[in-house]
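In case you want the letters, here they are:
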Amino acid sequence: MLEAVSHVAVWVHDQDEAKAFYTEKLGFEVREDATLDELGGYRWLTVGPPDQPDVNLMLTQPGPPAFDEDTKNEILALVAKGALGPGILRTEDCRKTCKELEERGVELASQPEERFYGIDATVRDPSGNMWRIVQPIEYDLEAMKS
Amino acid sequence: MAPARHHPRVATYPLARHLLRARDLVDSGYTEPLDLEALASAAHVSPRHFSREFRRTFGETPYQYLLTRRLERARHLLRTTDLQVAEVCLAVGFSSVGSFTTTFRRHVGVSPTSYRRENNGPSAADRIPLCFAMAWARRPGVGAFREDTTPGAD
């Protein structure tokens, strides 16, 4: 029986910059940050929301020897053009959260907007990964038209 | 000999990342007048270079992307609010009801009023986050997709 999603990879251009963004801007905490000499200096860097200790984002920088230069560049090009958006972050108050993020210097990729499923806005990390910030509301799927 | 100066390492990003910043500006500012110069400035490139590279990167012109965003929001407002068509027009960044109606009809296939009559209330797609809904609602082949007024960002 599978129990939970525990780790999700997020490709980034620069791990230091990503670490600063996810911790100082989004308020995540560092779970692990280890540079492994026996793996040629591979850096295992995970972060996550403080109130959700069992979910970790692996801030991963592609490159040799795991990926050749061409593959690395292809991955980073896709991230840079916003083609690999990682996901959705939940909040109790989207507008308040966005105001706090802007006060920390985060540039919103889209402002809070009322949608049928809630209020949502968008931020991007420095690499181009998009996160939707959603304040969900309950809705009745049965009442929706197909 | 002067000591070496140490500068913090700064990540360098491909052009696409800067173009994406301009596309985000469309998503955050589509209710306001947006022109090519403003978008190109957000991407730190010249307007001429910007249009060409935007299309090459994202498969559509900046103006087509802007219209997609405005019309997606217009459809949402027509389905889920009681706003008058003229109010919807202004709320999504059009300045002329005539232009809005013509553009809407060209893209959606019916007038805003007819669309509201035929699609009153939320649809199953309304539970999908905007970015996915917008990406998958895009029409293949964008050549016929234009507004009737002079575009500012094509």
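First, a word on scope: everything that follows refers to the structure included in this document. (Residues numbered from 1 in each chain as written. Chains lettered and ligands numbered in written order. Predicted model: local features only at pLDDT ≥ 70, side-chain atom pairs only at ≥ 80, totals over all residues. Heavy atoms only, no water.)

**So, the nonpolar core**
Thought 1: Grouped together as the largest cluster of nonpolar side chains are 35 residues, with contacts concentrated most on F50, V92, F94, F100 and F104 of chain B.
Thought 2: Listing elements by their share of this core, those giving two or more residues are α1 (15-29), α2 (36-43), α3 (47-58), α4 (62-80), α5 (85-91), α6 (97-108) and α8 (130-136) of chain B.
Thought 3: Examining the composition of this core, we find that eight residues originate from one element, α4 of chain B, more than from any other.
Thought 4: Not counting residues up to four positions away in its chain, the partners in contact with F100 of chain B are L71, A74, V85, V88, C89, V92, F94 and P112 of chain B.
Thought 5: Residues Y22, L45, C94 and L108 of chain A belong to the second largest nonpolar core, which totals 22 residues. (Core = buried A, V, L, I, M, F, W, Y, C linked by side-chain atoms within 4.5 Å. Buried < 20%, exposed > 50% of the residue type's maximum accessible area, 1.4 Å probe, protein only. Helix = DSSP H or I, 4+ residues; strand = E, 2+ residues; numbered from the N terminus. Contact = heavy atoms within 4.5 Å.)

**Looking at unusual backbone geometry**
Thought 1: Going from P64 of chain A to P65 of chain A, the amide bond is cis rather than trans, its omega being 5 degrees.
Thought 2: Relative to the helices and strands, P65 of chain A is located in the loop between β4 (56-60) and α2 (69-80).
Thought 3: The backbone of H44 of chain B shows a phi angle near 60 degrees, a positive value even though the residue is not glycine.
Thought 4: Take H44 of chain B: it is sitting in the loop between α2 and α3.
Thought 5: Taking relative accessible area as the criterion, H44 of chain B reaches 62% and is therefore assigned exposed.

**Structural notes on the pairing of strand β2 (residues 29-36) of chain A**
Residues and elements named next belong to chain A.
Thought 1: Where β2 meets strand β3 (residues 42-48), seven bridges bridge the pair, whose relative direction is antiparallel. Within β3, the residue paired with T35 across the bridge is R43.
Thought 2: The antiparallel pairing of β2 with β3 creates a hairpin that spans five residues between the two strands, and G40 there sits at a positive phi of about 70 degrees. (Pairing = 2+ DSSP bridges.)

**Examining the interface of chain A and chain B**
Thought 1: Between chain A and chain B, the contact holds 32 residues from the first and 32 residues from the second.
Thought 2: Summing both partners gives a buried area of about 2600 Å² for chain A against chain B, and 51% of it is carried by carbon and sulfur.
Thought 3: The interface formed by chain A and chain B contains four salt bridges.
Thought 4: For R115 of chain A, the salt bridge identified is with E72 of chain B, shortest N-O distance 2.6 Å.
Thought 5: Taken together, the connections running from chain A to chain B amount to eleven residue pairs in polar contact (both at pLDDT 80 or more). (Buried area = accessible area lost by both parts, 1.4 Å probe. Salt bridge = Lys/Arg side-chain N within 4 Å of Asp/Glu carboxyl O. Polar contact = N/O pair within 3.5 Å; in protein donor to acceptor, adjacent residues only side chain to side chain.)

**Observations regarding the sheet that holds β2 of chain A**
All names here are of chain A.
Thought 1: The strand order β1-β4-β3-β2 describes an open sheet built from four strands, whose pairing is mixed. The outermost strands of the open sheet, each flanked by one partner alone, are β1 (7-11) and β2. Here the average twist between neighbouring strands, direction ignored, is 25 degrees.
Thought 2: Taken together, the two bridges between β3 and β4 define a ladder with antiparallel strand orientation. (Axes fitted to C-alpha atoms, helices over the stretch in contact; angles between N-to-C directions.)

**Brief notes about α6 of chain B**
Every α-helix winds through 3.6 residues per turn, so residues three or four apart in the chain are directed the same way.
Residues and elements named next belong to chain B.
Thought 1: Counted at 1.5 Å a residue, the expected span for α6 with its twelve residues is 16 Å, and the 16 Å between its end C-alpha atoms agrees.
Thought 2: Among the residues of α6, those classed as buried are S99, F100, T103, F104 and H107. All buried residues of α6 fall inside an arc of 125 degrees around its axis, so they share one side.
Thought 3: In this structure, the buried residues of α6 make contact with α4, α5 and α7 (112-118).
Thought 4: Capping of α6 at its N-terminal end is provided by S96; its side-chain oxygen lies 3.3 Å from the backbone amide nitrogen of G98.
Thought 5: Positioned one or two residues after α6, G109 has a phi angle of 105 degrees, which is positive. (Expected span 1.5 Å × (residues − 1). Arc of directions from axis to C-beta.)

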